[in-house]
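# Results of the structural survey
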Amino acid sequence: MPITPVSLGTTTNTDRDTTTAILINCYAEAIGQEGKIPYPIYACCGFDAWSTLTSGGVTRGMLNLDDSTLYVVSGTNLYSVNTSGTATNLASISTSGYAYMARNRNATAPQVFLVTSDGQMRTIQSGTVSTPTLDSSIPAFNAVCAHDGYFVFTCPNGNWYISGLNAVTVDPLKFAIAQAVPDVTLRPITRGTDLIIAGSKHLEFWADSGSTDFPYTRTTVTHVGVYAAPSMANLIAVTPNGTNETVIFVGNNAQGALLGVMMLNGYQAVKISPYWLDRAIRDEPTQSSIRAFVHSEGGDTFYTLTASSFTAEYNATTGYWNKRQSQGTSVWKAVDATAFNKSMIFGDGSSGALYKANPYTLPANMSQIKLRSSRDSGNDWSAYRSKTIGDSTAPYERVRFNRLGQSKEDGFTFEVTLSSAYQEAGTDTDMIVIPPTVHAYPHYIIVDAIYIDSTPGIGETTKSKGITGLAVDSTTLGA
């Protein structure tokens, strides 16, 4: 009977009623036709505990000031954290909204402006925190970004203001109105030279014209809005086609109906989310919990969308999606990230913990390959079968499971788990691969054996853990 290679899949893509290809805590890495397979599946990068923010809570926002000072809003407090992870509680931020922070290009002492989505404001300069006083004619701000030396602030009513150049003062006459569509203005964000004023039903693109009275001029409008303001993230990815700077967000159409995850392509928004993710966003019980961040590892750049019920990652380098889950939960514990002092720092979604990415952090236990199968597209599963892998003589390993039995018409769905694939702050974490279904529809198949190739690493330490091949020894009945 022939041994036939089977695709591992490249992206998470489930349909409405059955289990199809799923990648959890791992992603397809494109190595091309020169490899044994073009897209082996590798475990995500692990992280170590790095800092504990006393009296902190859910991470609400992060800003790398200058690679020596990191500002974090955690729980109801604002902290500064140095390169060794030592944190100082700077001020109280008593509300619970998402915290937007931006710094200007003041050369002698850069200034930071903090605005929460529920109206709190702070400025920070040389470690000193102040509460700014605005003219009484200015409505409460709900977000901030920095563009061309100005702080840019939005108000829900459509007004948006700018600060003085390289300053934190706000002139009540220095404002414009995002008025192309009557909706709620949610936040400003930058993309290259563009300033984007994002509303719930449209995006307005503005450019710095250099005018003395008010330096911005609207250039164009896109009739796609934003479903959840914290889901917007600026992303720069390097792909085979060049460097791409864009903005990704969960979008609405002009009538306010959910579209899915959108990515700007020029001045148009292109849908990039699969249908399973659209349904997860639609069914998310807490819309205000939907947020996103960007992080990079090993040459790949990820847009990570998280909520109370799911975490999904888009690999902007390959265009593929995977899921993330911390051990024992349905979501990833990281809810924010920033590059800081040549490392990625992650913020926790429920505590004052900060983590530092470490691709070499060591699981505490030997890994196992665990296999189970389903004859009804993932509705019912067999018991797990497992084999321990990884020792001082086996940096690459092939395991074989015999006698999987006979399928029905829909074939076999396999689930392969590589346990202790990486570590999250001391907790071993598994990766799971559910490849596309193996079938010869409408015929039955008998699988006498399945072969799984993996890279457990010598002594668990020296190789990125992953699944690098899958094959079955099978017979098709009635063909």
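Here the structure is a predicted model, which means the values were calculated and not measured. (Residues numbered from 1 in each chain as written. Predicted model: local features only at pLDDT ≥ 70, side-chain atom pairs only at ≥ 80, totals over all residues. Heavy atoms only, no water.)

## Quick look at the overall build of the chain
The number of helices and strands found in the chain is 1 helix and 40 strands. Computed over C-alpha atoms, the radius of gyration of the chain comes to 25 Å, within 12% of the 23 Å expected from 2.2 N^0.38 for 479 residues, which places it in the range of a compact globule. Seen along its three principal axes, the alpha-carbon backbone of the chain occupies a region of about 80 × 45 × 40 Å. Residues classed as buried in the chain amount to 54% of the 479 residues present. (Helix = DSSP H or I, 4+ residues; strand = E, 2+ residues; numbered from the N terminus. Rg over C-alpha atoms; globule rule 2.2 N^0.38 Å. Buried < 20%, exposed > 50% of the residue type's maximum accessible area, 1.4 Å probe, protein only.)

## Here's the deal with the nonpolar core
Among the nonpolar cores identified, the biggest contains 33 residues, and I369, F414, M431, I450, I452 and I467 are the most heavily contacted of them. Per element, the largest residue contribution to this core is 5 residues, and it comes from strand β37 (residues 413-424). Residue contacts for I369: discarding those within four places in its chain leaves R385, S386, K387, I389, V399, F401, V416, T417, L418, I452, S454 and I467. In terms of nonpolar packing, the next biggest core, distinct from the first, is built from 30 residues, A102, F113, I196 and L264 among them. (Core = buried A, V, L, I, M, F, W, Y, C linked by side-chain atoms within 4.5 Å. Contact = heavy atoms within 4.5 Å.)

## Considering the sheet that holds strand β20 (residues 203-208)
Sheet strands line up and pair through hydrogen bonds in the backbone, either parallel or antiparallel. Taken in spatial order, the 4 strands make up an open sheet running β18-β19-β20-β21, and their pairing is antiparallel. Since the sheet does not close on itself, it has two edges, and those belong to β18 (185-191) and β21 (216-222), each with one partner. With direction set aside, neighbouring strand axes in the sheet form an average angle of 25 degrees. Where β18 meets strand β19 (residues 194-199), 6 bridges bridge the pair, whose relative direction is antiparallel. Residue P188 lies in a different strand from β19, and its bridge partner there is I197. (Pairing = 2+ DSSP bridges. Axes fitted to C-alpha atoms, helices over the stretch in contact; angles between N-to-C directions.)

## With respect to helix α1 (residues 275-283)
Among the residues making up α1, those that are buried are W276, L277, D278, R279 and I281. Summarising the contacts, the buried residues of α1 are in contact with β24 (242-253), β25 (258-265), β26 (268-271), β28 (300-306), β29 (311-315) and β30 (320-323).

## Structural notes on the pattern of salt bridges
Under the definition given, this model contains 9 salt bridges. For R291, the salt bridge goes to D336, with nearest N and O atoms at 3.6 Å. Of this pair, R291 sits in strand β27 (residues 291-297) while D336 is found in strand β31 (residues 334-340), placing the two residues 45 residues apart along the sequence. One salt bridge connects R372 with E415, and the closest N-O pair in it is separated by 3.0 Å. Separated by 43 residues along the polypeptide, R372 in strand β34 (residues 367-374) and E415 in strand β37 bring together distant segments of the chain. For the residue pair R372 and E415, the accessibility class agrees, reading buried in each case. The structure contains a network of salt bridges with shared partners spanning E313, R324 and E424. (Salt bridge = Lys/Arg side-chain N within 4 Å of Asp/Glu carboxyl O.)

## Brief notes about unusual backbone geometry
At N25, a residue that is not glycine, the phi angle is positive and equals roughly 60 degrees. Considering the arrangement of structural elements, one finds N25 in the loop between β2 (22-24) and β3 (26-28). Under the relative-accessibility criterion, N25 is labelled buried at 2%. Backbone geometry at S55 places phi at a positive 70 degrees, although glycine is not the residue there. With respect to the secondary-structure elements, S55 resides in the loop between β5 (47-52) and β6 (59-64). For S55, a relative accessible area of 57% gives the class exposed.

## Observations regarding the sheet that holds strand β14 (residues 143-147)
Pairing in this open sheet of 4 strands is antiparallel, and the strands run β14-β15-β16-β17 from one edge to the other. Across the chains shown, the open sheet's two edge strands, defined by having one partner strand only, are β14 and β17 (170-177). Adjacent strand axes in the sheet meet at a mean angle of 30 degrees when their direction is disregarded. Summarising the sheet, β14 and strand β15 (residues 150-154) pair through 5 bridges and their orientation is antiparallel. Within β15, the residue paired with A146 across the bridge is F151.

## Concerning the environment of T12
Checked against the element boundaries, T12 lands in the loop between β1 (3-5) and β2. The exposure class assigned to T12 is buried, which follows from its relative accessible area of 1%. The spatial distance from the C-alpha of T12 to the C-alpha of L23 is 5.5 Å, given a sequence separation of 11 residues. Look past the residues within four positions of T12 in its chain and what remains in contact with it is A21, I22, L23, P274, W276, W321, N322 and K323. Within the structure, T12 has its side chain in polar contact with the backbone nitrogen of L23 (distance 2.9 Å). (Polar contact = N/O pair within 3.5 Å; in protein donor to acceptor, adjacent residues only side chain to side chain.)

## A look at the environment of R385
Along the chain, R385 falls in strand β35 (residues 385-389). With a relative accessible area of 33%, R385 lands in the partly exposed category. In sequence terms R385 and S373 are 12 residues apart; their C-alpha atoms lie 9.6 Å from each other. A polar contact of 2.6 Å, which involves the side chain of R385, links it to the backbone oxygen of N402.

## A word on the environment of A383
Relative to the helices and strands, A383 is located in the loop between β34 and β35. Distance in space between the C-alpha atoms of A383 and F249 is 40 Å, their sequence separation being 134 residues.

## Some details on the pairing of β25
Every other side chain in a regular strand lies on the same face of the sheet, so the side chains alternate between the two faces. Sheet topology places β24 next to β25; 5 bridges connect them, and they run antiparallel. Within the sheet, the bridge partner assigned to N252 lies in β25 and is L258. Connecting β24 to the antiparallel partner β25 that follows it, the hairpin turn spans 4 residues, and G256 within it adopts a positive phi of roughly 90 degrees. When β25 meets β26, the two strands line up antiparallel, connected through 4 bridges. Note on β26: the bridge partner recorded for M262 is K271. With antiparallel pairing between neighbouring strands as the criterion, β25 and β26 make up a hairpin whose turn holds 2 residues, including G266 at a positive phi of roughly 65 degrees.

## Topic: the packing of aromatic side chains
When we look at a pair of aromatic rings, we describe it by the centre distance and by the angle of the planes. Under the counting rule described, the total for this entry stands at 24 aromatic pairs. A ring pair is formed by W50 and F340, whose centres lie 6.1 Å apart and whose planes are at 65 degrees; its orientation type is edge-to-face. Of this pair, W50 sits in strand β5 while F340 sits in strand β31, and the two are 290 residues apart along the sequence. W50 sits in the buried class, given a relative accessible area of 15%. A cation over an aromatic ring shows up here: K370 above the ring of Y384, its NZ or CZ 5.2 Å from the ring centre. Directly above the ring of F401 sits K387, whose terminal nitrogen or CZ lies 5.4 Å from the centroid. (Phe/Tyr/Trp six-rings, centres within 6.5 Å; stacked < 30°, edge-to-face > 60°. Lys NZ or Arg CZ within 6 Å of the ring centre and 35° of its normal.)

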